[in-house]
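Coordinate inspection notes
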Amino acid sequence: MARAKSPILTQADLRIINVLWKAGPSTVKSVVEAMPEELDLAYTTILTTLQNMEKKGVVGHKEKGRAYEYYPVVKQSEAQRSAIKYIVNRFFNDSPEQLVLNVIENEEIDREVVHRLQRLLDESD
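In short, a report on the structure. (Residues numbered from 1 in each chain as written. Predicted model: local features only at pLDDT ≥ 70, side-chain atom pairs only at ≥ 80, totals over all residues. Heavy atoms only, no water.)

**Here's the deal with the overall build of the protein chain**
Helix and strand content of the protein chain: six helices and two strands. Listed by position from the N terminus, the elements making up the protein chain come as α-α-α-β-β-α-α-α. Taken over the C-alpha trace, the protein chain has a radius of gyration of 18 Å; the compact-globule value for 125 residues is 14 Å, which it surpasses by more than 25%. The principal-axis extent of the C-alpha atoms belonging to the protein chain is close to 55 × 35 × 25 Å. When each of the 125 residues of the protein chain is scored for burial, the buried share is 22%. Sequence-distant contacts, at least 24 apart, represent 48% of the contacts inside the protein chain between residues at least 6 apart. As displayed, the protein chain has an accessible area near 9400 Å², and 51% of this comes from carbon and sulfur atoms. Measuring between centres, the 17 positive side-chain charges of the protein chain sit 9 Å from its 19 negative side-chain charges. (Helix = DSSP H or I, 4+ residues; strand = E, 2+ residues; numbered from the N terminus. Rg over C-alpha atoms; globule rule 2.2 N^0.38 Å. Buried < 20%, exposed > 50% of the residue type's maximum accessible area, 1.4 Å probe, protein only. Contact = heavy atoms within 4.5 Å. Areas by Shrake-Rupley, 256 points an atom, 1.4 Å probe, with all protein chains shown as cover. Lys, Arg positive; Asp, Glu negative; His and termini not counted. Charge placed at Lys NZ, Arg CZ, Asp CG, Glu CD.)

**So, the packing of helix α1 (residues 11-23) against helix α3 (residues 43-56)**
Helices that pack against each other are described as a pair by the angle of their axes relative to one another and the distance between those axes. It is the contact of α1 with α3, at a shortest axis distance of 10 Å, that shows an interaxial angle of 90 degrees. With respect to α3, the element α1 is oriented roughly perpendicular. Between α1 and α3, the contacting residues are A12, D13, I16, I17 and L20 on the first element and I46, T49, L50, M53 and K56 on the second. (Axes fitted to C-alpha atoms, helices over the stretch in contact; angles between N-to-C directions. Parallel < 35°, antiparallel > 145°, perpendicular 65-115°, else oblique.)

Dropping the structure here:
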């Protein structure tokens, strides 16, 4: 029986699922080829990570000839929402407001982004 979907993707998971989100269903060989050369990741490392991701419920596979093609089960937007919920819960006491205030207070935000945020806030009233 498959495990419940994991709310957080590891850095290794994220590298791989980004390939799948961009390229679509891919063999292990295709994923290896899509990785930056400087990472120098072995076929078996990618395969093991994909198998673990499948156990977590974030990718699936189908047979394509003698190989498996892996595909994302979760959408990028779903993974982003899960990560944000996890961060808000774990680090900001379940307060999205605290997260937003922290970002505003501690990060340089382009003036155009501030205007977009203001428009979104105005529209939500």
